[in-house]
Amino acid sequence: MAARKQFKVAVTKDSLVFASAHFITFPGHRCETLHGHNSRTRLVVEGGLDPEAYYVLDFSELKQLMKRLTDEIDHKVLLPLQNPKLQIREEGDTVTVAVGGKPRYVFPKADCALLPIPNTTVEMLAEYLAGRVSRALAPPEPLELQAIEVEVEENCDQ
Ligand SMILES: [Zn+2]
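Report follows, based on the coordinates. As the structure is a prediction and not an experimental result, all values here were calculated from the model.

**Comments concerning the pattern of salt bridges**
Pairing between side chains of opposite charge can happen when their charged atoms approach one another. One pass over the structure, following the stated rule, counts 6 salt bridges. For the salt bridge of Glu 151 with Arg 42, the shortest nitrogen-to-oxygen distance reads 3.5 Å. Of this pair, Glu 151 sits in strand β8 (residues 145-154) while Arg 42 sits in strand β2 (residues 35-47), and the two are 109 residues apart along the sequence. The class of Glu 151 is partly exposed, set by a relative accessible area of 44%.

Okay, structure coming up:
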């Protein structure tokens with residue numbers, strides 16, 4: 001039996017950019033202060049062709065999906081809920097952040113993106129976005145995706 005052909009489709013666009021504030025924690029007790037980046041995302045999916053449409057996935061749907069996901073974290077403070085060094089508490093309309101038990105920030109909740117990741121590094125942001133893409137494209141979408149890759153590049157305006 002012949003192997004099915006696989007195709008790679010990349011979505012990368014100037015609109016798939018988000019500006020966000022964050023700080024990451026390092027090994028030990030070191031923690032950055034709050035600062036911002038402009039970041040660009042790139043999505044690559046690999047899979048077999050839809051036998052009727054001759055595409056892997058509808059490209060405009062993929063673009064819309066990525067736009068939706070980047071809009072969710074655009075102009076937000078990105079906070080990692082799974083970081084054991086941070087204590088992040090939601091109280092009404094505010095989010096308080098303590099580092100190593102010491103209060104450090106209070107943000108309006110509407111300005112925060114609380115993410116199920118351990119640190120807001122580009123690696124974890126990429127993994128988080130890839131997970132969201134993967135769930136969004138899960139069955140009943142009738143396709144055989146072999147791979148989903150997401151890249152996040154910081155400081156893309158520099
Ligand atoms: Zn940074």
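**Brief notes about the pairing of strand β1 (residues 7-22)**
Here 12 bridges tie β1 to β2, and the two strands are oriented antiparallel to one another. Residue Phe 7 lies in a different strand from β2, and its bridge partner there is Gly 47. Note that β1 and strand β3 (residues 76-80) share 2 bridges and pair parallel. The residue bridging Ala 21 from the neighbouring strand is Val 77, located in β3.

**Remarks on the sheet that holds β3**
Ordered in space as β7-β3-β1-β2-β8, the 5 strands form an open sheet in which the pairing is mixed. Sheet topology places β7 (112-115) and β8 at the edges, where each strand pairs with a single neighbour. Sheet twist, expressed as the average angle between the axes of neighbouring strands with direction ignored, equals 35 degrees. In the packing of helix α1 (residues 59-73) onto the sheet, the strands contacted are β1, β2, β3, β7 and β8, and the crossing angle to β1 comes to about 15 degrees.

**Let's talk about the coordination of the zinc ion**
Working reference: metal with six octahedral donors, ideal angles 90 or 180 degrees; metal with four tetrahedral donors, ideal angle 109.5 degrees. Coordination sphere of the zinc ion, protein contribution only: His 22 (NE2), His 35 (NE2) and His 37 (NE2), at 2.0 Å. Within one chain, the residues donating to the zinc ion are spaced in sequence as H-x12-H-x1-H. Of the two residues, His 22 is situated in strand β1 and His 35 in strand β2; the sequence distance between them amounts to 13 residues.

**Observations concerning the nonpolar core**
Among the nonpolar cores identified, the biggest contains 26 residues, and Leu 43, Leu 115 and Val 150 are the most heavily contacted of them. Contributing elements (two or more residues each) for this core: β1, β2, α1, β7, α2 (122-136) and β8. Among the elements that take part in this core, α2 stands out by supplying 6 residues, more than any other. Ignoring any residue separated from it by four or fewer positions in sequence, one finds Val 150 in contact with Arg 42, Leu 43, Met 66, Ala 126, Leu 129 and Ala 130. With 13 residues, the next largest nonpolar core counts Phe 23, Leu 79, Ile 88 and Tyr 105 among its residues.

Definitions and cut-offs
Residues numbered from 1 in each chain as written. Predicted model: local features only at pLDDT ≥ 70, side-chain atom pairs only at ≥ 80, totals over all residues. Heavy atoms only, no water. Salt bridge = Lys/Arg side-chain N within 4 Å of Asp/Glu carboxyl O. Helix = DSSP H or I, 4+ residues; strand = E, 2+ residues; numbered from the N terminus. Buried < 20%, exposed > 50% of the residue type's maximum accessible area, 1.4 Å probe, protein only. Pairing = 2+ DSSP bridges. Axes fitted to C-alpha atoms, helices over the stretch in contact; angles between N-to-C directions. Contact = heavy atoms within 4.5 Å. Donors = N, O, S within 2.8 Å, 3.2 Å for Na, K, Ca; no water. Core = buried A, V, L, I, M, F, W, Y, C linked by side-chain atoms within 4.5 Å.

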